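The primary structure of each chain is shown beneath.
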Amino acid sequence: METTKTYDVIVIGAGHAGCEAALASARMGLSTGLFTMNLDTIAQMSCNPAIGGLAKGHLVREIDALGGEMAKVIDRAGIQFRMLNKSKGPAVWSLRAQADRVLYRIRMRSVLEQQRYLDIKQAMIDDIVAEDGKVRGVLTSWGTFYLARAIIVTTGTFLQGLMHIGHENFEAGRAGEFPAKNLSGNLARLGLSLGRLKTGTPARLDAKSIDFSRIEVQFGDDPPVPFSHTTDRIVNPQLPCYITHTNAETHRIIRENLGRSAMYSGKITGIGPRYCPSIEDKIVKFADKERHQVFLEPEGLETTEYYANGVSTSLPYDIQVRFLRTIPGLEQVEIMRPAYAIEYDFAFPTQLRHTLETKVIDGLFLAGQINGTSGYEEAAAQGLMAGINAAHLVLNREPLVLARHEAYIGVLIDDLVTKGTKEPYRMFTSRAEYRLLLRHDNADLRLMEKGHAIGLLDDDTYERFVQKRSAIAEESGRLGKVRVKPSVINPLLKSLDTAEITEDIGLEQLLKRPEITYAVIKQVAPPETSLREDVERQVEIQIKYQGYIRQQMETAGKLSRLEDKKIPPDFDYRGLPGISREIFVKLEEVRPVSLGQAARIQGMTPAALSIIMVALEKMRRTRFA
């Protein structure tokens, strides 16, 4: 087999996972080849034209703090930004941005093309070649062979992709694109177990046929808050979204035609996303609900195309038109692209290490929807970590694994490799045990040190971060020392309808009151030099939630001690008395690397964990006797 070229790292697929993986590898100085079936669909937003949202926004901020690209690109392509959950505590605040789909794709491709050490090639990969349990290279559909020391597979929905519209189905990776037909068989031959998942997308509508006067308008934040820690301000024009609702007539049409739905007629065998159901699913499973929200989201600044968020479906085209036209504002609507469902192959993620390297083939990494996740953000986070760890493998460095108390990225990957998934996995804040530690606002404080250490964060960005961190510490220290007299503060406390004081009070103690903000503190005792808004916000949050944050840090510290108790890769669970067959099978499948990971395996009992702990202690004593 003649070698065309040799790379340190090869990335298969140029979706959101592939882009981050390739950039990470190349930015760490490794020769990287990014292979995609179509150069024109790099970073394509194949579903909703948005980045972020509940918990997903946290992932994007973390990607940025580590030196990834998604946040910067959406800041350049965003056309509406909204901070969600502002009425609740800061642990669940989350940023979401509508994107100009074309601008997003163009900007990401431009970044990739300008990246040193990175080649981008249009080619279909048919085979991953491995010898003696290690990757060797990839073979394209036209017979060219490329050597590689590490390979990252980020194929999205393209593995044996099958699209459904009603009873019609056809092979496709997404609308208008060929599927990857041979790679699934190749992965299976390499020893990976594959399953089948399903996702879907709603129709795209022509704005010229929508009566916006009949539906609720939803504006973004003014001024818009950027995603990236390096973006000073958003410069794109901002567009509104719109909200309308289904009704009894909508539901009647859908209910009477369930037999023509690809999902309800048995045409689809893959398991769909529980948390983003089709409109058919909503009508059936929530039959008592009189209406469901429909968000009309612009697809860009220079197009009339709107995304109908909330009515994903696999019903046939004629039924799509009928039920859409029962919705207020859409009575005369014209469909520009029909909704469809898509099935695709995925690899059960318990076959991965925390680095996202497969257990069966050294140097083979998987990232994105191939691991059973849904969403651009989950894919990008995995791609970044796979790119970092593939580079570390080639460079013979220690892998980067984020703990659950360090990042939502750590929660995401640990959930996948420890618990696995049989349905499309979506990130939620509720999945994190330490969500007060993993806030949207402190991603840089948690992760920028790591991003700089591995070489993905440039010196200028890091220096700006160091200055911010110092400013937070200095101002927090000042508030802990300065006290004010009743005569100074009581008039202000009275105007805020909060209890007055009878003796001197520290500014830190004062700021802990719910009614007191940092703006009030500035009125009473301003700092010597003005502070950046993000510094002020961080000081306020850290002081107001100080007790809760300390409590979660102590809990995380106790549980992290279980992570320090490592389990040898060849540990034999068969000889352990009292371990049930069910738990034994899961232990063999996951092969946990620590007691902490073993404790998180679904079905694990305290008794079984104690048995493992005793066996490990006996092994340790025997080894050191």
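Residues numbered from 1 in each chain as written. Predicted model: local features only at pLDDT ≥ 70, side-chain atom pairs only at ≥ 80, totals over all residues. Heavy atoms only, no water.

**Some details on the state of the cysteines**
Counted by the stated rule, this structure contains zero disulfides. Sulfur of Cys241: no disulfide; nearest cysteine sulfur belongs to Cys47 and is 15 Å away. Judged by its relative accessible area of 2%, Cys241 is buried. (Disulfide = S-S within 2.5 Å. Buried < 20%, exposed > 50% of the residue type's maximum accessible area, 1.4 Å probe, protein only.)

**Comments concerning the nonpolar core**
Of all hydrophobic cores here, the largest spans 112 residues; its most connected members are Tyr104, Ile128, Ile151, Leu364 and Ile409. In terms of nonpolar packing, the next biggest core, distinct from the first, is built from 26 residues, Ala203, Tyr242, Ala308 and Ala339 among them. (Core = buried A, V, L, I, M, F, W, Y, C linked by side-chain atoms within 4.5 Å.)

**A look at the packing of aromatic side chains**
Considering all chains together, one arrives at eight aromatic pairs under this definition. Measuring from ring centre to ring centre gives 4.9 Å for Phe35 and Tyr146, while their planes differ by 65°; the resulting arrangement is edge-to-face. With Phe35 in strand 2 (residues 32-36) and Tyr146 in strand 9 (residues 145-153), the pair connects residues that are 111 residues apart, well separated along the chain. We classify Phe35 as buried; its relative accessible area is 2%. An aromatic cluster is present here, built from Tyr7, Phe35 and Tyr146 joined pairwise through their rings. Over the ring of Tyr425 we find Arg431; its NZ or CZ atom is 4.1 Å from the centre of that ring. (Phe/Tyr/Trp six-rings, centres within 6.5 Å; stacked < 30°, edge-to-face > 60°. Helix = DSSP H or I, 4+ residues; strand = E, 2+ residues; numbered from the N terminus. Lys NZ or Arg CZ within 6 Å of the ring centre and 35° of its normal.)

**Comments concerning the pairing of strand 17 (residues 305-309)**
When you tally the buried positions in strand 17, you get four out of five residues, the bulk of the element. In terms of strand pairing, strand 13 (residues 204-206) meets strand 17 through three bridges, oriented antiparallel. Bridge pairing in strand 17 places Asp206 opposite Glu305. The pairing of strand 16 (residues 293-298) with strand 17 spans four bridges and is antiparallel. Each bridged residue has a counterpart across the sheet, and for Glu297 the counterpart in strand 17 is Tyr307. The antiparallel hairpin formed by strand 16 and strand 17 contains six residues in its connecting segment. (Pairing = 2+ DSSP bridges.)

**Quick notes on unusual backbone geometry**
Look at the link from Asp222 to Pro223: it is a cis peptide, with omega at 5°. On the secondary structure map, Pro223 appears in the loop between strand 14 (216-218) and strand 15 (241-245). Residue Ala55 is not a glycine yet carries a positive backbone phi of 70°. Structurally, Ala55 is set in the loop between strand 3 (50-52) and helix 2 (56-66). Although it is not a glycine, Tyr117 sits at a positive phi angle of roughly 70°. Among the structural elements, Tyr117 can be located in the loop between helix 4 (101-114) and strand 6 (118-122).

**Some details on the pattern of salt bridges**
Tallying each qualifying case throughout the model produces 46 salt bridges. Close ionic contact of Arg464 with Asp232 constitutes a salt bridge, the shortest N to O distance being 3.3 Å. One end of the pair, Arg464, is in helix 12 (residues 459-481); the other, Asp232, is in the loop between strand 14 and strand 15, and 232 residues separate them in sequence. Assessed through its relative accessible area of 31%, Arg464 is described here as partly exposed. Through salt bridges that share partners, Arg404, Asp414, Asp415, Lys419, Glu433, Glu563 and Arg600 make up one connected network. (Salt bridge = Lys/Arg side-chain N within 4 Å of Asp/Glu carboxyl O.)

**Focus on the environment of Ala207**
Turning to its location among the elements, Ala207 is positioned in the loop between strand 13 and strand 14. Among the residues examined, Ala207 registers a relative accessible area of 16% and is labelled buried. When the C-alpha positions of Ala207 and Tyr306 are compared, they lie 6.3 Å apart, and in sequence the two are 99 residues distant. For Ala207, the contacting residues outside a window of four places in its chain are Phe212, Thr304 and Tyr306. (Contact = heavy atoms within 4.5 Å.)

**Observations concerning the environment of Leu511**
Within the fold, Leu511 resides in helix 14 (residues 507-511). Residues Leu511 and Gly143, spaced 368 residues apart in sequence, show a C-alpha to C-alpha distance of 67 Å. Excluding residues within four positions of it along the chain, Leu511 makes contact with Leu479, Ile516, Thr517, Tyr518, Ile521, Val539, Glu540, Ile543 and Lys544.

**Re the sheet that holds strand 4 (residues 78-84)**
Taking strand neighbours across the sheet as the criterion, the three strands line up as 3-5-4 in an open arrangement whose pairing is antiparallel. What marks the edges here is a single partner per strand, and that holds for strand 3 and strand 4. For this sheet, the mean angle separating the axes of adjacent strands, direction not counted, is 15°. Both strand 4 and strand 5 (residues 94-99) contribute to a ladder of six bridges, which runs antiparallel. Looking at the pairing, Met83 lines up with Leu95 of strand 5. Across the sheet, helix 3 (residues 70-77) is in contact with strand 3, strand 4 and strand 5; its angle to strand 4 comes to roughly 115°. (Axes fitted to C-alpha atoms, helices over the stretch in contact; angles between N-to-C directions.)

As far as function goes, none of this settles anything; it's purely spatial.
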